[in-house]
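Descriptive analysis of the structure
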Amino acid sequence: SVVYLNGEYLRLGEARISVLDRGFIFGDGVYDVVPAYGRKPFRMGEHLARLQRSLKAIRIETGWSAGDWEDLVQGLLARSVLQDCTVYLHVTRGAAPREHSFPTQPVQPTIFGMVSSLSRPAAVNRERGLTAVSMDDERWLHCEIKSISLLGNVLAKQYATDAGADEVVQFRDGHLSEGSSCNLWVVKYGILRAPVRDRMILEGIRYAYLMELAAAAGIPFEARPISRLEVGQADELLLTSATREILPIIRLDGRPVGAGSPGPVYARLRADYDRAIA
Ligand code: PDD
């Protein structure tokens, strides 16, 4: 498949970066993942705006405008044969002698993009739901930045895998934060709730989107801190991400969530999401 690296479209096997790249050495970079259906990007403007925010947060200057990023996404999609796919965008501070502080000499950021196939969530996961285990959120305090330093997220996902579960439900100081690579939602008595969009979570592009879907469906929504007890007593527990769209979690730490099967708020939001990407 074709990838983009620093101004060129190349075959994946031809793409090369320096071992001194600060992404490789320090994880000094940011990324974003834009889903596309039938090769049409979904919510691209929002994803690209978030990428620009992440770049700004860690002070990487690419000189690229929103239009340049759009051209890259479209350029990658035009060169791909995949229909449902993700466009992965990745920017690092570039290659420089190993020194923690930013390079003093001007360095070109490394800009990389690739298209990967996106398998829509399997019917079994959509209809029966996922399992999760809870854990303390051990990541850093700037989770709002879509950093490529993902060790905390990797270890969290492996914790779920080792436990035979599909995902983790992380808590910071007793309050719900997010999954390893997804946002989390709870439903109680018909009210949809999510943690506040602060530095403890990545604001998914589906966060504002689900708020829109909920408003249109007449489902009340509230953003506020959510305690462990509230998660334990939830009627429904949902996750959202670019790759998993919206899915229900039906077991947490071996116990059923609510009735132990996907609930009505999930069913409604899932149907609306399916319609939007069709
Ligand atoms: N992950 N929280 C974290 C930590 C994430 O990594 C992601 C997305 C989300 C959901 O964001 P969005 O709705 O914009 O996909 C929340 C992507 C898919 C990834 O790392 O592959």
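Residues numbered from 1 in each chain as written. Predicted model: local features only at pLDDT ≥ 70, side-chain atom pairs only at ≥ 80, totals over all residues.

All right, on to the overall build of the chain then. The secondary structure content of the chain amounts to eight helices and 15 strands. Taken over the C-alpha trace, the chain has a radius of gyration of 19 Å; the compact-globule value for 278 residues is 19 Å, and the two agree within 12%. For the chain, the spread of C-alpha atoms along the principal axes amounts to about 55 × 40 × 30 Å. Across the 278 residues of the chain, 37% fall into the buried class. Counted over contacts in the chain with a minimum sequence separation of 6, partners at least 24 positions apart contribute 70%. (Helix = DSSP H or I, 4+ residues; strand = E, 2+ residues; numbered from the N terminus. Rg over C-alpha atoms; globule rule 2.2 N^0.38 Å. Buried ≥ 20, exposed ≤ 12 C-beta atoms within 10 Å, placed from the backbone. Contact = placed C-beta atoms within 7 Å.)

Moving on to the domain arrangement of the chain. Split by domain assignment, the chain resolves into domain 1 (2–117) and domain 2 (123–277). Each of domain 1 and domain 2 has a C-alpha centre, and the two are 27 Å apart. Facing the 19 residues of domain 1 at the interface are 10 residues of domain 2. Those elements that place two or more of their residues in the side of domain 1 that touches domain 2 are strand 3 (29–37), helix 2 (44–57) and strand 5 (85–92). Here the element with the most residues in the side of domain 1 that touches domain 2 is strand 3; it accounts for seven residues. Taken together, the residues that form the side of domain 1 that touches domain 2 break down as eight nonpolar, seven polar and four charged. (Domains from an automatic or database assignment. Nonpolar A, V, L, I, M, F, W, Y, C, P; charged D, E, K, R; others polar.)

For helix 2, which comprises 14 residues, the first-to-last C-alpha distance of 20 Å matches the rise-based estimate of 20 Å (1.5 Å per residue) to within 8%. All of the buried residues along helix 2 are His-47, Leu-48, Arg-50, Leu-51, Ser-54 and Leu-55. Buried residues of helix 2, viewed axially, fall in a sector of 155 degrees; they line one side. Where the residues of helix 2 are buried, they touch strand 3, helix 3 (66–78), strand 5 and helix 6 (205–217). Arg-59 sits one or two positions beyond helix 2 and adopts a positive phi of about 60 degrees. (Expected span 1.5 Å × (residues − 1). Arc of directions from axis to C-beta.)

Looking now at the site of the ligand. Residues in close proximity to the ligand total 14 residues, the closest being Ser-181, Leu-202, Gly-204, Ile-205 and Ala-242. Breaking the shell around the ligand down by element, the ones donating at least two residues are helix 6 and strand 13 (236–241). In terms of residue class, the shell around the ligand is built from five nonpolar, seven polar and two charged. (Near = placed C-beta within 6 Å.)

For the rest of this paragraph, the subject is the sheet that holds strand 4 (residues 40–41). Note on sheets: strands pair through backbone hydrogen bonds, and any given pair is parallel or antiparallel. Read from one edge of the open sheet, six strands run 2-1-6-5-3-4, paired in antiparallel fashion. Lying at the two open borders of the sheet, with one neighbouring strand each, are strand 2 (8–11) and strand 4. In this structure, strand 5 lies alongside strand 6 (residues 110–117), joined through eight bridges in antiparallel fashion. In the sheet register, Tyr-88 faces strand 6, and the bridge partner there is Met-114. Across the sheet, helix 3 is in contact with strand 1 (2–5), strand 2, strand 3, strand 4, strand 5 and strand 6; its angle to strand 6 comes to roughly 40 degrees. (Pairing = 2+ DSSP bridges. Axes fitted to C-alpha atoms, helices over the stretch in contact; angles between N-to-C directions.)

Let us now look at the pairing of strand 14 (residues 245–252). The buried fraction of strand 14 is high, at seven of eight residues. The pairing of strand 7 (residues 130–136) with strand 14 spans three bridges and is parallel. Paired with Ala-132 across the two strands is Leu-252, which belongs to strand 14. Here strand 13 pairs with strand 14 via five bridges, running antiparallel. By the bridge assignment, Leu-237 is partnered in strand 14 with Ile-249. Direction of pairing for strand 14 relative to strand 15 (residues 255–256): antiparallel, over a ladder of two bridges.

Our focus in this paragraph is helix 6. Helix length check: helix 6, at 13 residues, gives a terminal C-alpha distance of 19 Å against a target of 18 Å (1.5 Å per residue), a fit within 8%. Here helix 6 has its buried residues at Ile-205, Arg-206, Leu-210, Leu-213 and Ala-214. Looking down the long axis of helix 6, one finds its buried residues gathered within 145 degrees of arc, a one-sided arrangement. Buried-residue contacts for helix 6 involve helix 2, strand 10 (183–188), strand 11 (191–194), strand 12 (221–223), strand 13 and helix 8 (264–277). Looking one or two places after helix 6, you find Gly-218, whose phi comes out positive at around 75 degrees.

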